[in-house]
Amino acid sequence: MPRHPKKTRRLVVDGRTYLWTLRHSHRVLDSGRSADCRETLTLYPQPAGTGGPLCVVFAEGPGRYVPGGFPMGSGDVGYVRGGSLNLHEPGAVRALLDAALARGWQPGERRAVEVDGWPLLEAAAAARAGDAGPTGS
């Protein structure tokens, strides 16, 4: 049975638990086409009340792709000539969390924090590529 797209998922990192969700949003033009597509990954430190959420936003723009599904997979974000991630994969979420922590995000901070995901993408994609290891090993 497929996962319900709005159900939170659980990630445990260094003894701390996070719940996370992924949402796609856009506006619809009069022609019926979508514009201003965004993927928003939100991580909620647990237990509730121990920290504010981290919202990592990937907005479409020149040289970037943020498809809403067909022909590319839902949750895919990346540079046309560079790194990419599938935000439905827990390993990609972990890599983005690690990149945000390295850039100073404090999970115990009580307020919600929204960050542009594009500066985090290359570091997270490189970390994911390093996790994959050489082919055949």
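These notes cover the structure that comes with them. Residue numbers restart at each chain and count upward from 1, following the sequence in its written direction. Where totals are concerned, whole chains, interfaces and linings use all residues; where local detail is concerned, this predicted model gives features only for residues with pLDDT of at least 70, and gives and counts side-chain atom pairs only at 80 or more. Note that water and hydrogens are dropped before the side-chain values are worked out from all heavy atoms of the structure.

Description of the overall build of the protein chain
Note the cut-off: Working definition: helices are DSSP H or I runs of at least four residues, strands are E runs of at least two. Numbering for both runs from the N terminus. Accessibility here uses a 1.4 Å probe with only protein chains present; expressed as a share of the type maximum, an area under 20% marks a residue as buried, one over 50% as exposed, and anything in between as partly exposed. Throughout, a contact is declared for two residues whenever any of their heavy atoms are within 4.5 Å. The protein chains shown are the only cover counted for residues, whose accessible areas, like all others here, come from Shrake-Rupley with a 1.4 Å probe.
If you tally the helices and strands in the protein chain, you get 2 helices and 8 strands. The N-to-C order of helical and strand elements in the protein chain reads β-β-β-β-β-β-β-α-β-α. Each of the 137 residues in the protein chain was classed as buried or not, and the buried ones make up 36%. The long-range share in the protein chain, meaning contacts at least 24 apart out of those at least 6 apart in sequence, stands at 51%. Within the structure as shown, the protein chain displays about 8,100 Å² of accessible surface, and the carbon and sulfur contribution to it stands at 53%.

Some points on the pattern of salt bridges
If charged atoms from side chains of opposite charge come close, those side chains can pair. Here is the rule: Salt bridge, as used here: a side-chain nitrogen of Lys or Arg that lies within 4 Å of a carboxyl oxygen of Asp or Glu.
Evaluated as defined, the whole model comprises 3 salt bridges. In this structure, the salt-bridge partner of Arg128 is Glu89, at a minimum N-O distance of 2.8 Å. With Arg128 in helix H2 (residues 118-132) and Glu89 in the loop between strand S7 (84-86) and helix H1 (90-102), this pair connects stretches of sequence that are 39 residues apart. For Glu89, a relative accessible area of 35% corresponds to the partly exposed category. In this structure, Asp98 and Arg94 form a salt bridge, with 3.0 Å as the shortest nitrogen-oxygen distance.

Structural notes on the nonpolar core
For the record, the criterion: Definition used in this section: a nonpolar core is a set of buried Ala, Val, Leu, Ile, Met, Phe, Trp, Tyr and Cys residues joined via side-chain atoms within 4.5 Å.
One finds Leu41, Leu43, Phe58, Leu85 and Leu96 to be the most contacted residues of the largest nonpolar core, which totals 29 residues. Those elements that place two or more of their residues in this core are strand S1 (9-13), strand S2 (16-28), strand S3 (34-45), strand S4 (54-59), H1 and H2. Among the elements that line this core, the one with the most residues is H1, at 7 residues. Beyond its immediate sequence surroundings of up to four residues, Phe58 is in contact with Cys37, Arg38, Glu39, Val66, Val77, Leu87, Leu96, Gly117, Trp118 and Leu121.

Here we look at the packing of aromatic side chains
Here is the rule we go by: In summary, the pairing rule links any two rings of Phe, Tyr or Trp, Trp by its six-membered ring, whose centres are within 6.5 Å, and it sorts them by plane angle into stacked for under 30 degrees, edge-to-face for over 60 and tilted for everything else.
Overall, the coordinates contain 3 aromatic pairs when judged by the stated rule. Relative to Trp118, the ring of Phe58 lies with its centre 5.1 Å away and its plane at 90°, an arrangement referred to as edge-to-face. Here Phe58, found in strand S4, pairs with Trp118, found in helix H2; they are 60 residues apart in sequence, far enough to count as distant. One aromatic cluster is present, built from ring pairs that chain together Phe58, Tyr79 and Trp118.

Digging into the side chain of Thr40
Relative to the helices and strands, Thr40 resides in strand S3. If near-sequence neighbours (up to four positions away) are discounted, Thr40 is found in contact with Thr21, Leu22, Arg23, Cys55, Val56 and Val57.

Here's the deal with H1
Cut-off, in case you're wondering: In a helix, the anticipated span is given by 1.5 Å times the number of residues less one.
Compared with an ideal rise of 1.5 Å per residue, which puts 13 residues at 18 Å, H1 spans 18 Å between its outermost C-alpha atoms and is within 8% of the ideal. For H1, the full list of buried residues reads Ala92, Val93, Ala95, Leu96, Leu97, Ala99 and Ala100. Positive phi shows up at Gly104, right after H1, with a value of about 105°.

Quick look at the pairing of strand S6 (residues 76-79)
Under the convention used in this document: Here, strands pair whenever DSSP counts at least two bridges between them.
Here strand S5 (residues 64-65) pairs with S6 via 2 bridges, running antiparallel. Among the inter-strand pairings, Tyr65 is bridged to a residue of S6, identified as Gly78. The turn joining S6 and S7, which pair antiparallel and follow one another in sequence, is formed by 4 residues.

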